[in-house]
Amino acid sequence: MKECSLEITKQSLIADNVYRLELSGDVSEVSVPGQFINISIEGFFLRRPISVCDVCHDDNGSGNGTVTILYKAVGHGTDKLSQLPVGTKLSVLTGLGNGFYTKVSGKHPILIGGGIGSAPMLMLSKKLLSEGKKVTAVLGFNSKGDVILEEELKALGSDIEVIIMTADGSCGRKGMVTDAVRETDCTYFYACGPMPMLKAVYRETKIDGELSFEERMGCGFGACVGCSMETASGVKRVCKDGPVFKKGDILWKD
């Protein structure tokens, strides 16, 4: 973990209440898909934890670069964040959480994202493709206005298949992500999204995989234990021990 002052270089609305924010500065601690950053917003006591969508490191070895996040403006804090202009400097905790482990994915992993939980799938896709894997990405949304990352993922080349699912059928295929997952023949899965989706993916998949949990957090680095959850290997903190957990370690509470 590292506290840095990062500057807003780009901010844009990309879907219904969903913003793309690019921050520049010391991003040396951001290196693994599935990590998150924790942003301090003036006037609010708690920082906002947001998954990393992508990172670009400068080639000069300085540790500087840019980190991109996607977030939904759903409360007063994120609403204020969406109004901050380019040039604003923010106090950010970087390099938080344990991300996805790509070495165990086999030759054809499937990536499953739900809503804003699709955000880390861009960086993860780039990592898997760089390792010579074939990737299938299934992203689920309520409607066409919620769709994110479709074009960015398709632009990664011929070794990635992108499937968009919408509940109302207004874009891609009508249905849930699990409808598409049942039809694929993949070696490993990675999933991030709301809890009902993660539960459904867990129950529908026959293969092993990893799930990234969206959880309310206090500190973001394990001190307050406010985001604790019960696992097969004991109580774990989502911010410190996760947010990514292996499928076999999950204990669901129905």
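Here the structure is a predicted model, which is why all the values come from computation and not from measurement. (Residues numbered from 1 in each chain as written. Predicted model: local features only at pLDDT ≥ 70, side-chain atom pairs only at ≥ 80, totals over all residues. Heavy atoms only, no water.)

Chemist: Would you mind showing me how to read the overall build of the chain here?
Modeler: In terms of helices and strands, the chain carries five helices and 15 strands. Relative to the compact-globule value of 18 Å for 254 residues, the chain shows a C-alpha radius of gyration of 17 Å, a close match. Along the three orthogonal principal directions, the C-alpha set of the chain runs to about 45 × 40 × 40 Å. Counting across all 254 residues of the chain, residues that qualify as buried make up 51%. Look at the contacts in the chain between residues 6 or more apart in sequence, and 64% of them connect residues 24 or more apart. Total accessible area on the chain stands at roughly 11800 Å², and carbon and sulfur atoms take up 49% of it. Once the 29 positive and 31 negative side-chain charges of the chain are each reduced to a mean point, those two points are 3 Å apart. (Helix = DSSP H or I, 4+ residues; strand = E, 2+ residues; numbered from the N terminus. Rg over C-alpha atoms; globule rule 2.2 N^0.38 Å. Buried < 20%, exposed > 50% of the residue type's maximum accessible area, 1.4 Å probe, protein only. Contact = heavy atoms within 4.5 Å. Areas by Shrake-Rupley, 256 points an atom, 1.4 Å probe, with all protein chains shown as cover. Lys, Arg positive; Asp, Glu negative; His and termini not counted. Charge placed at Lys NZ, Arg CZ, Asp CG, Glu CD.)

Chemist: Honestly, the sheet that holds strand E10 (residues 173-174) in this entry has me stumped. Any pointers?
Modeler: To summarise the sheet geometry, strands pair through backbone hydrogen bonds and adopt either a parallel or an antiparallel arrangement. With mixed pairing, seven strands are arranged side by side in an open sheet as E10-E9-E8-E7-E11-E12-E15. Every interior strand has two partners, whereas the edge strands, E10 and strand E15 (244-246), have only one. Pairing of strand E7 (residues 109-114) with strand E8 (residues 135-141) involves five bridges; the strand directions are parallel. Directly across from Ile112, in E8, lies its bridge partner Val138. Sitting on the sheet, helix H5 (residues 195-204) touches E7, strand E11 (188-193) and strand E12 (209-213), and the angle it makes with E11 is about 165 degrees. (Pairing = 2+ DSSP bridges. Axes fitted to C-alpha atoms, helices over the stretch in contact; angles between N-to-C directions.)

Chemist: It is not clear to me how the sheet that holds strand E4 (residues 48-57) should be interpreted in this structure. Could you clarify?
Modeler: Read around the closed barrel, six strands run E1-E2-E5-E4-E3-E6, paired in antiparallel fashion. Along the sheet, successive strands turn relative to each other by an average axial angle of 45 degrees, direction set aside. By the bridge criterion, four bridges tie strand E3 (residues 36-39) to E4 in an arrangement that is antiparallel. From the neighbouring strand, Asn38 faces E4, where its bridge partner is Pro49.

Chemist: When you look at the pairing of E4 in this model, what are you seeing that I'm missing?
Modeler: Within a regular beta strand, the side chains point alternately toward one face of the sheet and then the other, so they alternate between its two faces. Here E4 pairs with strand E5 (residues 64-72) via five bridges, running antiparallel. Of the residues in E5, the one forming a bridge with Asp54 is Thr68. Counted along the chain from E4 to the antiparallel partner E5, the turn is six residues long, and its residue Gly61 has a positive phi close to 75 degrees.

Just distances and angles here, no functional claims.
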